[in-house]
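Fold and geometry: a report
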Amino acid sequence: MNKQEQQDYLDKYKKAKEKGVPFFPDIIFKDTIVVFIVFIILIALAYFVGVPLEARANPNDANYTPRPEWYFLFLFQLLKYFPGNLEVVGAMILPGLFITLLLLLPFIDRSPKRHFMTRPYASIAAIVVVLGIGLLTWLAVNEAPPPIQAAVVDKAAALYATDCANCHGQGIVIPEGTDLHKLIAAGNHQGMPAWGGDLSADEIDMLAGFILSPNGSALFTQECASCHKSPVLASGNPVQLQKVFDEGKDFPAHKDLNTPDWKSTLTPDQENALLNFLAAPDGQRLFAINCQGCHGEGVGFSGTKEELRAMIEKGGHEIKMPGWKDTLSADDLNTLAQYVVDPEANSAGSTMFGKYCAACHGDKIPAAPDEASALSIIALGGSHITMPVWGEILTAEQLDALTSYTWDTSQGVGVASGEKLFASNCRGCHGKFGEGGPNPTFPGDMIFPISSSEYLKTRDDATIRNIISQGQPDYGMTPFGSAYGGSLSDEQIDAILGFIRSWEANPPSVSPPKAPPVVTQPQELSASQIYGSLCAQCHGVNREGTASGPALDPAQLRAEFDDQALHDMINNGVLKVAMPGLGNMFTDDQVKKLVILVAGTETGTSTGSGTVPKPPTNSTVSFNDQVLPIFQAKCSMCHSSATTFGGWDSTSYQAVMTSGDNAPEVIAGDPDNSYLMQLLQATNGAFMPPTGKLSDEEIQIIMDWILAGALDN
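This is a predicted model, so every value here is computed, not measured. (Residues numbered from 1 in each chain as written. Predicted model: local features only at pLDDT ≥ 70, side-chain atom pairs only at ≥ 80, totals over all residues. Heavy atoms only, no water.)

In this section: the overall build of the chain. On a plain count of helices and strands, the chain comes out with 34 helices and four strands. Long-range pairs, those at least 24 residues apart, make up 65% of the contacts in the chain between residues at least 6 apart in sequence. Roughly 41800 Å² of accessible area belongs to the chain as shown, and the carbon and sulfur atoms make up 58% of that amount. (Helix = DSSP H or I, 4+ residues; strand = E, 2+ residues; numbered from the N terminus. Contact = heavy atoms within 4.5 Å. Areas by Shrake-Rupley, 256 points an atom, 1.4 Å probe, with all protein chains shown as cover.)

Structural data, given as structure tokens:
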């Protein structure tokens, strides 16, 4: 712009300004009026028309396609032309350059011309930009994809394809009576891995359902997966599952959900396939759901497996409840009746229910309309429960699984028996629910939980099975497998493993066990105490030997070994028989005294108070040398200062004589009325220890000690 043009422009601006109106207040007033009118229009639109809102965000809705507002559509359309790593060009670089150009435009274009006709380049550029934004917006609207349809993913089929198809191909023929859930979880089948450590119980059920009913899996994905993202298989009564189909839209859980009427949309074969998939046969769960309320933990059955299946399939058997009128007092009957009618308000009846009723009813308290009806049923008993005809309710696969599980429990194998085997063999060290505690074999040591989520997730079935079978001598755990000198068969070890795995859904342990306030130090133990707490577990309290260790005959030991050889065996252990070495736990002097204890001196005589207890030949029985070692070997794992089951502590004379829920447990001079002897001899209906009755010699030692006055000697 030259000086003449600049002067002309200023003159024209001055004349226009003289003819115009002032910016304030005239122009400001007009702008205010326009803004106010627009504001009123917006309020009216919001009140009378409203703002269209979409449905509440649902993260499970895979059919929703998120889209930007209309004024951003051009930018998102632009991104389609810059895929992958080029996205930054369309999203940031180009828009950034355009905005920068707008900011610099006043400094770049200094032409005095204002009419668009006199500014062809600027006008054409603006038109191109506006048309480009309009075109991109139009393309975005017309090219918008329909709502995304969730890809049908059959999770069960995917699991099968990932974990099973490599070996089994497209399908598996399952032999009759196979508990498929157990087989998948435990493995141990022609090299098949144990999937229990990698898959959840629901995933295993999903696989079992798919293998037995692959069409049912696809039907579940088609008909149910839109609401039930993760099928809860075998967690409901099959009768209830059948109601889903029978009641259709009237099924309580499906009301107002616009569910199809599957009775009309599915064929009978499809309905059966879907039902099979939803209730994948798992014997233990089927028994717990359908049978445990009447039969408790298991069914005693002496017939064949085929007869058992026929009995379950045909059903119709009545269960006769005994009349308790002549057994219980009137007060006890009333207490039970009140408890049945209202358990929460009459908690005093819980103990009685557990004692007299739980064997049949389990933890399911039967319902009664009123106290009088409950009292009549309890007092008179009679036929009050009829076994359903399970052949009309369960599928053939479910009947097979239920029969197999029931048969296993009646034969002493399976998960139910695993609980009993765990109580007999493992509870003393690991606790009732695998919670751990003080190590009875290593004084001062703690056993950490085996029922925690961390333990169960990081140990597969093969590892746990090997630990049980081969033991961990370095930690004081002897082998339990019969192949390694233990007393348990492979089936029994599998049963214990199954019981341990049953904790996985709801691990009982969430924190390490607490150490007892006072812990006996290893160096404080006498040779007799060391033998009673460690050696007697395998070699027997009286050196008589057990299934886990040979008898220790002093004459035979002395014929084969000298002091040094015996010392080395005890000190270093014997690897081939999994005997732990004690040298890292006890002093050399303690090991030497233990040698004398088990084999006497090289001249053939035993010395010291550490003599291994033998059946008494007279009325003088030593508590410290004969009775206490028995308690240490057979009782202290449950009855100690740290684990006082029944309130009784067996670790010292004072505790033996004064502790216990029925104290005194020992009545000096009167073994018949001593509660301890009643339990040991099973004369009152119960017996101790739960791992198995003491030998006759051990019982005689304790009886002679009580007859002699139960002395502290």
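There's more to say after this.
Moving on, we get to the confidence of the model for the chain. For the chain, the average pLDDT comes to 75, and 73% of its residues sit at 70 or higher. The secondary structure element of the chain with the lowest average pLDDT is strand β2 (residues 382-386), at 57, and the one with the highest is helix α2 (residues 23-49), at 91. Scored below 50 in pLDDT, residues 231-235 makes 17 contacts in the model with residues more than four places away or belonging to other chains. Contacts of residues 604-619 to residues separated by more than four positions or lying in other chains number 31 contacts, the stretch itself having pLDDT below 50. (pLDDT = per-residue confidence, 0-100.)

For the rest of this paragraph, the subject is the side chain of S659. Summarising the element assignment, S659 is placed in the loop between α32 (653-658) and α33 (675-681). Here S659 falls in the buried class, since its relative accessible area comes to 15%. At a separation of 3.0 Å, a polar atom in the side chain of S659 contacts the main-chain amide nitrogen of D649. Of note is the side chain of S659, whose polar atom sits 2.5 Å from the backbone oxygen of A655. Beyond its immediate chain neighbours, meaning those up to four positions away, S659 contacts G647, W648, D649 and E665. (Buried < 20%, exposed > 50% of the residue type's maximum accessible area, 1.4 Å probe, protein only. Polar contact = N/O pair within 3.5 Å; in protein donor to acceptor, adjacent residues only side chain to side chain.)

The next thing to look at is the nonpolar core. For soluble globular proteins, the rule of thumb is that nonpolar side chains tend to be buried together. With 44 residues, the main nonpolar core has F631, I702 and W705 as its most contacted residues. Where this core is concerned, the elements lending two or more residues are α27 (527-539), α29 (563-572), α30 (588-599), α31 (623-634), α32, α33 and α34 (696-707). Look past the residues within four positions of I702 in its chain and what remains in contact with it is V627, I630, F631, L676, M677, L680 and L694. Counting residues in hydrophobic clusters, the runner-up holds 19 residues, among them I468, L488, I493 and L497. (Core = buried A, V, L, I, M, F, W, Y, C linked by side-chain atoms within 4.5 Å.)

The final tally for this structure, using the stated rule, is ten aromatic pairs. Taking the centre distance of 5.3 Å and the plane angle of 85° together, the rings of F623 and Y653 count as edge-to-face. Of the two residues, F623 sits in helix α31 while Y653 sits in helix α32, which places them 30 residues apart along the sequence. We note that F623, like Y653, is buried. For the ring pair F623 and W705, a centre distance of 5.1 Å and an interplane angle of 35° mean the geometry is tilted. Of this pair, F623 sits in helix α31 while W705 sits in helix α34, and the two are 82 residues apart along the sequence. Neither F623 nor W705 differs from the other in exposure class; each is buried. In textbook terms, an aromatic cluster arises when at least three aromatic residues are bridged by ring pairs, as seen for F623, F631, W648, Y653 and W705. (Phe/Tyr/Trp six-rings, centres within 6.5 Å; stacked < 30°, edge-to-face > 60°.)

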